[in-house]
Amino acid sequence: MTTADCRLEHDFLGEREIPNQAYYGIQTLRALENFAITGIPLSSEPLFVRALAFVKKAAALANHELGVLPADIAQGIAAACDRVAAGEFNDHFPTDMIQGGAGTSVNMNANEVIANVALEIMGHQKGEYQFCHPNNHVNCSQSTNDAYPTAFRIALSLKLVSYSEGLGELAEAFAAKGDEFHDVLKMGRTQLQDAVPMSMGDEFRAFATNLREELSRIEDSRRLISEINMGATAIGTGVNAPNGYAELVTRHLSAISGLELLLAGDLFEATYDTGAYVQLSGVLKRTAVKLSKICNDLRLLSSGPRCGFNEINLPAQQPGSSIMPGKVNPVIPEVVNQTAYYVIGADLTVTMAAEAGQLQLNVMEPVISFALFTSISYMSNACRTLREKCVVGITANREHAAELVYGSVGIVTQLNPLLGYEASASIAKEALKTGKSVHDIAVTERGLLTQEKWDEIFTFENLIRPDFIQ
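All values derive from a computational prediction rather than experimental measurement.

Turning our attention to unusual backbone geometry. Along the chain, Gly304 connects to Pro305 via a cis peptide bond; the corresponding omega equals 5°. Turning to its location among the elements, Pro305 is positioned in the loop between helix 10 (275-301) and strand 7 (312-313). Phi at Ala102 is positive, roughly 60°, even though this residue is not glycine. Looking at the element boundaries, Ala102 is found in the loop between helix 3 (71-85) and helix 4 (104-121).

Now the structure itself:
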């Protein structure tokens, strides 16, 4: 690239050449050179880019109303923000998601791109910052310490909407299977041992209930992250911001984002506090644990096919072995398990980063943002994958599941009210020792109850919704 293809920009550390086609500026360039950590750029989270544009537009509008920004500059910034929010300049947000500086590089990346887009809208060239400056104008009445976390919270809230939808759809898929399997008799198990009979429909409906519980926890977290610290500027004093700015910019930001945002009551506390992130991360971990447990169950229930439980069939997605012909593995539950492990680990990252803040600022917020954004994305993908490639295609081996029930020693529990625990335990002991059925021992050999009474006790309805029979 020749000098003619570049423009010269400066900061207080010196001068650098910036490619003319780039809308970012010198501070973004320095971040590219300093933070080669994940290789995952800010542009990979377009909702974060959009939220930064929302913040900058709200600030420009508020600053103009309060007489801080001239109309032409405020209008240019607002128009530029609309284009950035629409995704037109996503490729110009290359800063690494993990970086030092508490997010200053992300904030300046946004300031520089918006300034240069605004300059072109206003009829100037990129880099002619005397007409619209990244710091003086785009960052007016702001600090990274209020702009970055506010944008982060907006992006999280928007991202959680699609995640909630995906989780809800997965729960509904399990519920639909619950309805489909309502008349499938199977053996319930505790501690991997036969327990008492149940309906496979109840088992799958319980999966749905288990996941639906998480939807309200997500909404609780969204309410927590709706509290923002715009107007706090550096540490909470509001230095360099005009009177009334914090309340006004919050109103504009609510209107622009479509979210019900609330200005924090204590801007000092809100500028360093990361408790809402810890709570959200805990919710993601909790859901990941539940989802992984469900996937463990699916793998167990489908184990075999000849030498395992074999009560359900998972859709075959790919050959399972390079050496064993015909083997098909439960690859979808397996990949969801592994996704859950990542999210559980990311929760520890958020925990340690939240604890690591000192005094009036937590400088570790970039790694918190990276952990939460990736966890939400991975959980969204896991929910969709599990639903589309596994749950909707599950089938039940009805006859086999019922045979396991009637051949089980566990059904002796149904005889407790009639025969008592000691007699029932004796039947179970003999059945385990000899391999005889509970029916043959109790009815045929010992004559402890009639066939009619047996038939009354062991109907499908009484097994899955037991009445007290004596």
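The structure having been displayed, the exposition proceeds.
A word on helix 6 (residues 144-180). The end-to-end C-alpha separation of helix 6 is 53 Å, in line with the 54 Å expected for 37 residues at 1.5 Å each. For helix 6, a buried count of 29 out of 37 residues is recorded, marking the element as mostly surrounded by other parts of the structure. If you check the start of helix 6, you find a side-chain oxygen 3.0 Å away from the backbone N of Asn145, and it comes from Ser143.

Let's shift gears to the domain arrangement of the protein chain. Split into domains, the protein chain comes out as domain 1 (21-140), domain 2 (147-229 + 265-395) and domain 3 (409-464). Summarising the inter-unit geometry, the C-alpha centres of domain 1 and domain 3 are found 75 Å apart.

Structurally, the position occupied by Ile235 is in the loop between strand 5 (227-228) and helix 8 (245-257). Residue Ile235 is classed as partly exposed on the basis of its relative accessible area, which comes to 35%. Sequence separation of Ile235 and Leu185 is 50 residues, and the distance between their C-alpha atoms is 63 Å.

Quick look at the pairing of strand 3 (residues 185-190) now. When strand 3 meets strand 4 (residues 193-199), the two strands line up antiparallel, connected through five bridges. Opposite Met187, over in strand 4, you have Pro197 as the bridge partner. The hairpin turn running from strand 3 into strand 4, its antiparallel successor, is two residues long, and Gln191 in that turn takes a positive phi close to 55°.

Inspection of the secondary structure assignment puts Asp72 in helix 3. A relative accessible area of 47% means that Asp72 is categorised as partly exposed. Sequence separation between Asp72 and Cys132 is 60 residues, and the spatial gap between their C-alpha atoms is 9.6 Å.

Parameters at a glance
- Residues numbered from 1 in each chain as written.
- Predicted model: local features only at pLDDT ≥ 70, side-chain atom pairs only at ≥ 80, totals over all residues.
- Heavy atoms only, no water.
- Helix = DSSP H or I, 4+ residues; strand = E, 2+ residues; numbered from the N terminus.
- Expected span 1.5 Å × (residues − 1).
- Buried < 20%, exposed > 50% of the residue type's maximum accessible area, 1.4 Å probe, protein only.
- Polar contact = N/O pair within 3.5 Å; in protein donor to acceptor, adjacent residues only side chain to side chain.
- Domains from an automatic or database assignment.
- Pairing = 2+ DSSP bridges.

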